[in-house]
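# Observations on the model geometry
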Amino acid sequence: MMQIRNLCYHYKGCPEVLKDVSFDIEPGKFLAILGNNGAGKSTLLKCFDHILRPDSGEVILDGENLLTMSHRDVAKRVAFVSQSVPDTQMTVHDVVMLGRRPYMQWSFTEKDHGIVHDAMDRLGIDGMRGRFLSQLSGGEKQKVMLARALAQQPKALLLDEPTSALDIQNQYQVLRMVRDICHDDRMVAVVVIHDLNLALRFCDRFLLMKEGQVYGCGDHSILDGPALKEIYGVDARIVEIEDRRMVLVEE
Amino acid sequence: MDSIRSKLEDKGIDQAYRRNKVKSIGFLIFLTGLLVSTILLSLCSGAYDTPIGELVRGIFGLSSDRRIDLVVQNIRLPRICTAILAGGGLGLAGCILQAVLRNPLASASTLGVSQGATFGAAFAIVVLGMGGTTGFGIPSCAFLGSIAVALVILGLSRSRQVSPEGIVLAGVAISSMFTGATTLIQYFADEVELSALVFWTFGDLGSTGWEDLGGMAIVVAVLSGYCVFHRWDYNALLSGEETAISLGIDVKRLILTNMLLCCLTSSVIVSNVGLVSFIGLVAPHIVRMVVGNDHVYLIPGSILGGATLLLLGDLFARTVISPVILPIGAITSFLGGPLFLYLLFKGGKRG
């Protein structure tokens, strides 16, 4: 269970980006944070993981407040996949190995190698472990990043626009993998995403943000015409086709 | 059938991964071999023509001639050790600065630390009139000068507004400022002071005795130990600051500690041996071309590469028009410049 309580944040010299944000996520649920550009979605995600330090509030994961923990202790509980994928001359194996960094003492153990191997196996990238990250396609890189996050053995998985640079096949593949991991391991998974159709297809919970505040949080029923009008400023409605929900935007 | 094929593929993949590791380790072994042979060559070259066996025995004071013991122990060995420590330290400092500032141009000489030392030396020689003196006067002032630059850079890196890339630009500005200040001091210097100052900026590996080596050895050892322990942190930092934080690294503290250690190491080295540029810039780049960005190999590689480069430069400086010993600082810049240009254009094509 992840509970966010009264989170406030402002960037230096700017007005508040997050204003008293509170909500809960149950384990095994895949949550999408939705909202316009500048609504504070990515900022909120980064506040969970010590990348940004909130001015006030609490982020509680299974009864422990993440904000008072050390970086290393947070990294054992929360994994973050950032929007930008690095382009380094490191092998896939070594990049995934970085996920064991929070647990490392002097060097990596056999157990670490086993966990890394399992993580790569699970995402189907075991075949690339000798290749350099810079030689991979966007979709493959994103899977490497996911494997690294899995190697952290987190209780919560945070993803900042993981599909924005991917083709449609990889968008579906990556999100399906995240959803399966989230459901199978009963992990909390949170994704910041712009594509509403993808969010409706894969996510179980939706957090709607507007100007740094929570507009609503719940299952797909909260995503209706008025809500879309309010948070995105467009006339849109949700239609059901063959049991799938889709967004139709009016011109 | 499928499983057999996938097993075969697995083996191929493992081989590709292993080949990579073997290549990196092989390169480190090659560098070690190169360093050892350069040490032996350096031991041999000099005014005394002595068989190598005698020289090696001379290291332990066991040669047949007392004079060989003395030459080896008091002249050639301190020189070699100075070159190894200074070269290794500058190479490592360059490698780490490039990692934490995430800029391939970072090194002690491009950040202005070396220029700060030159200014300190110029101040000591001209303003304080220490030109004729030996001992700790000039090195101490040089150290103060480089530490002053290091503090400015550290101050900048603490500030939120200055990005790591901006620090390198600031370093360029600071180094030109100190170069200008040094020129101004030179303008008011008399001939004797001027020659003392110019001689200092040449760089000299021969003026350090065993007692100076101790200080250098300690800072280089501390830096090496720290860096080897944190080798995976630099790898994480390559994936960007946000990712590094999410992997449990206190990035701010890491950058600050590393800047402090690297600036300290470089300033101790520069104040002992004078202005030796380009080693810190070139050595990590050469190693990176072979082993990639994995700091597990890059850190020892940069130490070995830097030591070998400086020792080779010194060997070249001593033997090319023997018995004249050319200034090491000029040699490293002269030979390092074209090498750097080569890397720059090769890198440009790749980017």
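### Section: the overall build of chain A
- For chain A, the helix and strand inventory stands at eight helices and 12 strands.
- Against the 2.2 N^0.38 benchmark of 18 Å for 251 residues, chain A shows a C-alpha radius of gyration of 18 Å, consistent with a compact globule.
- Reported as C-alpha extents along the three principal axes, the dimensions of chain A are approximately 55 × 45 × 35 Å.
- Per-residue burial over chain A gives 56% buried out of 251 residues.
- Relative to all contacts within chain A whose residues are 6 or more apart in sequence, the contacts with residues 24 or more apart total 64%.
- Of the roughly 10,600 Å² of accessible surface on chain A, 45% is carried by carbon and sulfur atoms.
- For chain A, the separation between the mean place of its 30 positive charges and that of its 36 negative charges on side chains is 4 Å.

### Details of the overall build of chain B
- Helix and strand content of chain B: 14 helices and zero strands.
- Starting at the N terminus, the α and β elements of chain B follow one another as α-α-α-α-α-α-α-α-α-α-α-α-α-α.
- A globule of 351 residues ought to have a C-alpha radius of gyration of about 20 Å, and chain B, at 22 Å, matches this closely.
- Across its three principal directions, the C-alpha atoms of chain B cover 80 × 60 × 35 Å.
- Going through the 351 residues of chain B one by one, you find that 51% of them count as buried.
- In chain B, once contacts between residues fewer than 6 apart in sequence are set aside, the share between residues at least 24 apart is 76%.
- Computing the positive centroid from 23 side-chain charges and the negative centroid from 21, chain B places the two 10 Å apart.

### Some points on unusual backbone geometry
Residues and elements named next belong to chain A.
- Its identity as a non-glycine residue notwithstanding, H50 has a phi of 65 degrees, on the positive side.
- One non-glycine residue, E242, lies in positive phi territory at about 50 degrees.
- For E242, a relative accessible area of 75% translates into the label exposed.

### Digging into the nonpolar core
- Counting residues in hydrophobic clusters, the biggest one holds 160 residues, and the most contacted among them are L34, L44 and F48 of chain A.
- Top contributing element to this core by residue count: helix α3 (residues 66-100) of chain B, with 15 residues.
- Non-local contacts of L34 of chain A, meaning those with residues more than four positions away in its chain, are made with K41, I193, L196, A199, F206, L207, L208, M209, L223 and Y232 of chain A.
- Counting residues in each nonpolar core, the second largest holds 15 residues, with A124, I138, I185 and A196 of chain B among its members.

### Some thoughts on a nonpolar patch on the surface
Residue and element names in this part refer to chain B.
- Taken together, V36, L40, I52, V56, F60 and L62 make up a surface patch of nonpolar side chains, about 530 Å² in accessible area.
- Every element with two or more residues in the nonpolar patch is listed here: α1 (2-44) and α2 (52-59).
- Relative to the elements of secondary structure, V36 occurs in helix α1.

### Section: the pairing of strand β10 (residues 213-218) of chain A
Residues and elements named next belong to chain A.
- Examined bridge by bridge, strand β9 (residues 205-210) and β10 share five bridges and lie antiparallel to one another. The partner of K210 across the bridge, within β10, is Q213.
- Remark: two residues form the turn of the hairpin made by β9 and β10, two consecutive strands paired antiparallel; E211 in that turn has positive phi of roughly 50 degrees.

### Brief notes about the sheet that holds strand β1 (residues 2-10) of chain A
Residue and element names in this part refer to chain A.
- Reading across the sheet, the four strands line up as β2-β1-β4-β5 and stay open at both edges, with antiparallel pairing between neighbours. Two strands in the sheet have a free side with no partner beyond their single neighbour: β2 (16-25) and β5 (64-65).
- Relative to strand β4 (residues 56-61), β1 is paired through five bridges, and the arrangement is antiparallel. Each bridged residue has a counterpart across the sheet, and for C8 the counterpart in β4 is S56.

### Description of the interface of chain B and chain A
- Counting residues at the interface gives 28 residues for chain B, matched by 35 residues for chain A.
- Roughly 2,800 Å² of surface becomes buried between chain B and chain A when both sides are summed, with 59% attributable to carbon and sulfur atoms.
- Considering only the side of chain B, the residues that lose the most area to chain A are Y17, W232 and L247 of chain B, jointly responsible for 24% of the buried surface there.
- Summed over the shared surface of chain B and chain A, the result is three salt bridges.
- Between K21 of chain B and D94 of chain A there is a salt bridge; the shortest N-O distance is 2.9 Å.
- Run the count over chain B and chain A and you get six residue pairs in polar contact (both at pLDDT 80 or more).
- Secondary-structure elements contributing two or more residues to the side of chain B that touches chain A are α1, α8 (210-229), α9 (231-237) and α10 (241-246) of chain B.
- Sort the elements by how many residues they give to the side of chain B that touches chain A and α1 of chain B lands first, with six residues.
- Of the residues assigned to the side of chain B that touches chain A, the class counts are 11 nonpolar, nine polar and eight charged.

### So, the confidence of the model for chain B
- Averaged over every residue, the pLDDT of chain B is 83; residues scoring 70 or more account for 92%.
- Across chain B, the element-wise mean pLDDT spans from 73 in helix α14 (residues 328-350) of chain B up to 92 in helix α13 (residues 295-319) of chain B.

### Here we look at the packing of aromatic side chains
- Across all of its chains, the model carries nine aromatic pairs over all chains by this definition.
- For the ring pair F23 of chain A and F48 of chain A, a centre distance of 6.4 Å and an interplane angle of 55 degrees mean the geometry is tilted. You can see F23 of chain A sitting in strand β2 and its partner F48 of chain A sitting in the loop between α1 (41-47) and β4, a full 25 residues away along the chain.
- Its relative accessible area of 5% is what places F23 of chain A among the buried residues.
- On the basis of relative accessible area, F48 of chain A is assigned to the buried category, the value being 0%.
- Ring centres of W106 of chain A and F229 of chain B lie 5.7 Å apart, and the angle between their planes is 20 degrees; on these two criteria the pair is classed as stacked.

### Overview of the sheet that holds strand β6 (residues 78-81) of chain A
Residue and element names in this part refer to chain A.
- Taken in spatial order, the six strands make up an open sheet running β6-β7-β8-β3-β9-β10, and their pairing is mixed. Pairing within the sheet leaves two strands with one partner each, and these edge strands are β6 and β10. Across the sheet, the mean angle from the axis of one strand to that of its neighbour is 15 degrees, orientation sign disregarded.
- Pairing analysis gives four bridges linking β6 to strand β7 (residues 156-160), with the strands arranged parallel.

### What about the side chain of E161 of chain A?
All names here are of chain A.
- Relative to the helices and strands, E161 resides in the loop between β7 and α6 (168-184).
- Comment: no salt bridge for buried E161; closest opposite-charge side chain is K41, at 5.5 Å.
- Setting aside residues up to four positions removed in sequence, E161 forms contacts with Q83, V192 and H194.

Criteria and cut-off values
- Residues numbered from 1 in each chain as written.
- Chains lettered and ligands numbered in written order.
- Predicted model: local features only at pLDDT ≥ 70, side-chain atom pairs only at ≥ 80, totals over all residues.
- Heavy atoms only, no water.
- Helix = DSSP H or I, 4+ residues; strand = E, 2+ residues; numbered from the N terminus.
- Rg over C-alpha atoms; globule rule 2.2 N^0.38 Å.
- Buried < 20%, exposed > 50% of the residue type's maximum accessible area, 1.4 Å probe, protein only.
- Contact = heavy atoms within 4.5 Å.
- Areas by Shrake-Rupley, 256 points an atom, 1.4 Å probe, with all protein chains shown as cover.
- Lys, Arg positive; Asp, Glu negative; His and termini not counted.
- Charge placed at Lys NZ, Arg CZ, Asp CG, Glu CD.
- Core = buried A, V, L, I, M, F, W, Y, C linked by side-chain atoms within 4.5 Å.
- Patch = residues over 30% accessible without salt bridge, like charges linked within 9 Å, V, L, I, M, F, W, Y side chains within 5 Å.
- Salt bridge = Lys/Arg side-chain N within 4 Å of Asp/Glu carboxyl O.
- Pairing = 2+ DSSP bridges.
- Buried area = accessible area lost by both parts, 1.4 Å probe.
- Polar contact = N/O pair within 3.5 Å; in protein donor to acceptor, adjacent residues only side chain to side chain.
- Nonpolar A, V, L, I, M, F, W, Y, C, P; charged D, E, K, R; others polar.
- pLDDT = per-residue confidence, 0-100.
- Phe/Tyr/Trp six-rings, centres within 6.5 Å; stacked < 30°, edge-to-face > 60°.
- Axes fitted to C-alpha atoms, helices over the stretch in contact; angles between N-to-C directions.

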